[in-house]
Amino acid sequence: MIILVINCGSSSIKYQLLDMKSDDVYVLMAKGIVEKIGLPMGSLTHTPGDKPKVIIEEPITDHKEGMQLLLDQLVHPQHGVLKSFDDIEAVGHRIVQGADYFSGSAIIDEDVIEKIGVCSDFAPLHNPAHILGIRAMRHVLPSVPQVAVFDTAFHQTMPAYNYTYGLPYKYLEDYKVRKYGAHGTSHQYVAGQAAKLAGIDINHSKIITCHLGNGSSITAVKDGKCLDTSMGFTPLAGMIMGTRCGSIDPNIVTYIMKKDNLSPDEMTTLMNKKSGFLGVSGVSSDVRELNAAVDQGNERARLVFKILTHDIIKLIGSYIAELDGVDLIVFTAGIGENNARLRRRVCENFNYMGLKFDFDANATGHDDRIISAPDSKVKVAVISTNEELVIARDTMHLVLGSEE
Ligand code: ADP
């Protein structure tokens, strides 16, 4: 089944075209990104299968034009991979926020679009862009079924004691202020893959998944379901991140606003875009650049790594307590997959639980792998996340299910 996976931002559209033979067997037919929608000059970078990249630069007025442009590449006589649009059997959309409306993926209809719109309150940068993408795709491919896959859905199994904040209860009832979490698709995928690799039955397991990228979150997964996660009402909560501060004493917010005479929007920008690795180091939000700074003796860059390491250790430690043990710890995303030193440093703190590390497997190899020793009581895995595959799988199941 040929499925187009779409991840729509406010000025960009990332896409992958997958030919799904089964849940685990698929061919990545093409992928690409449309960028700078609405700016004087836009661009599209299209990679058809294993052929060379094609780059197109031209103004792209809106998401409708962006969708049309990317679809045109898929059927292009030279670098296309399909004979016609009719070959696309379904479209899956990544949706950042589904709040408590969606505990799983959904076939898109007007009601689903309306609910995604209501959830825009909690994800003002993302959900409106997703709706633009859905409407644009419905316009250019009106007869193709579309599915919404939510970053928050996996976390909907969290118990009330983990999603309820210690605020007056009316804010939960009236404004739906509660923990929703994020990166759910990634946590779900890597927990499943790692369990398979470790030979663990996910339905009877205690797994902690660490998605460490520009945005980072850690999740406690019990018997395959989310028990707790570190991001909160928004992705600002939890550990320190590239440009986000993570959880801080809430009183700091009003204190700084008063001191520097900042508006709510300015304070939101400060915490989301100017904090984290970037804010503390003053150098960069990117771990590779911070590594270079450490090598040059930059003490604040070194401090960032210490905060990062200890935030991860503290979250894993608290989730071990909550899960009453752990069978498997999983690392994924840009930092989790590539930073062997950080993984080693974090795992050192769990030797007391019988975690024995395989230093060679950790330091070498790029594939999904176990990096704990064979006789380790707690297994550790590195898994390359693949949110697009989960979106394609869910889309396939829902569309095939609806046709039965
Ligand atoms: P996003 O959350 O935007 O998807 P990523 O998962 O790509 O981000 O993670 C970005 C972080 O991962 C950056 O700090 C970057 O330095 C780091 N990273 C990504 N790729 C590599 C790599 N090959 N080697 C080392 N660090 C990497």
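The structure contained in this document is the topic of the report that follows.

Reading guide: rules and limits
- Residues numbered from 1 in each chain as written.
- Predicted model: local features only at pLDDT ≥ 70, side-chain atom pairs only at ≥ 80, totals over all residues.
- Heavy atoms only, no water.
- Helix = DSSP H or I, 4+ residues; strand = E, 2+ residues; numbered from the N terminus.
- Rg over C-alpha atoms; globule rule 2.2 N^0.38 Å.
- Buried < 20%, exposed > 50% of the residue type's maximum accessible area, 1.4 Å probe, protein only.
- Contact = heavy atoms within 4.5 Å.
- Areas by Shrake-Rupley, 256 points an atom, 1.4 Å probe, with all protein chains shown as cover.
- Lys, Arg positive; Asp, Glu negative; His and termini not counted.
- Charge placed at Lys NZ, Arg CZ, Asp CG, Glu CD.
- Near = heavy atom within 4 Å.
- Polar contact = N/O pair within 3.5 Å; in protein donor to acceptor, adjacent residues only side chain to side chain.
- Nonpolar A, V, L, I, M, F, W, Y, C, P; charged D, E, K, R; others polar.
- Axes fitted to C-alpha atoms, helices over the stretch in contact; angles between N-to-C directions.
- Parallel < 35°, antiparallel > 145°, perpendicular 65-115°, else oblique.

## So, the overall build of the protein
What the protein contains, in helices and strands, is 15 helices and 14 strands. What you see for the protein is a C-alpha radius of gyration of 22 Å, in line with the 22 Å of a compact globule of 404 residues. With the C-alpha coordinates aligned to their principal axes, the bounding extent of the protein is approximately 60 × 55 × 50 Å. In the protein, which comprises 404 residues, the proportion classed as buried is 51%. Sequence-distant contacts in the protein: of pairs separated by 6 or more residues, those separated by 24 or more amount to 62%. In the structure as shown, the protein presents an accessible area of about 18,900 Å², 52% of it carried by carbon and sulfur atoms. Taken as two groups, the 39 positive and 49 negative side-chain charges of the protein have centres that lie 6 Å from each other.

## Some details on the site of the ligand
Near the ligand you find G213, N214, G215, D286, V287, R288, A333, G334, I335 and N338, and these make up its full shell. D286 has a polar side-chain atom sitting 2.6 Å from an oxygen atom of the ligand. V287 has a polar backbone atom sitting 3.0 Å from an oxygen atom of the ligand. Starting from 570 Å² of accessible surface for the ligand in isolation, the protein chains cover 63%. Of all elements in the fold, only α10 (287-295) and α12 (333-338) reach the threshold of two or more residues within the shell around the ligand. Sorting elements by how many residues they give to the shell around the ligand places α12 first, with four residues. Per-class residue counts for the shell around the ligand are three nonpolar, five polar and two charged.

## A few points about the side chain of T219
Tracing the backbone through its elements, the reader meets T219 in strand β10 (residues 216-222). Residues in contact with T219, not counting those within four places in the same chain, are F154, H155, H187, I207, I208, T209, C226, D228, T229 and Y319.

## A short note on the environment of K179
As for its position among the elements, K179 is in the loop between α5 (170-175) and α6 (184-198). Classification of K179 by relative accessible area gives buried; the value is 12%. Between the C-alpha atoms of K179 and P235, which are 56 residues apart in sequence, the distance is 9.7 Å. Those residues in contact with K179 that lie beyond four places of it in its chain are M158, N162, Y163, Y165, D228, T229, M231, G232 and F233. Polar contacts involving the side chain of K179 include one to the side chain of D228, which spans 2.8 Å.

## Overview of the packing of α6 against helix α15 (residues 387-403)
Interaxial distance between α6 and α15 falls to 9 Å at its minimum, and their mutual angle equals 95°. One finds that α6 runs roughly perpendicular with respect to α15. On α15, the residues that touch T185, S186, Q188, Y189 and Q193 of α6 are E387, L389, V390 and R393.

Taken by themselves, the reported measurements are silent on function.
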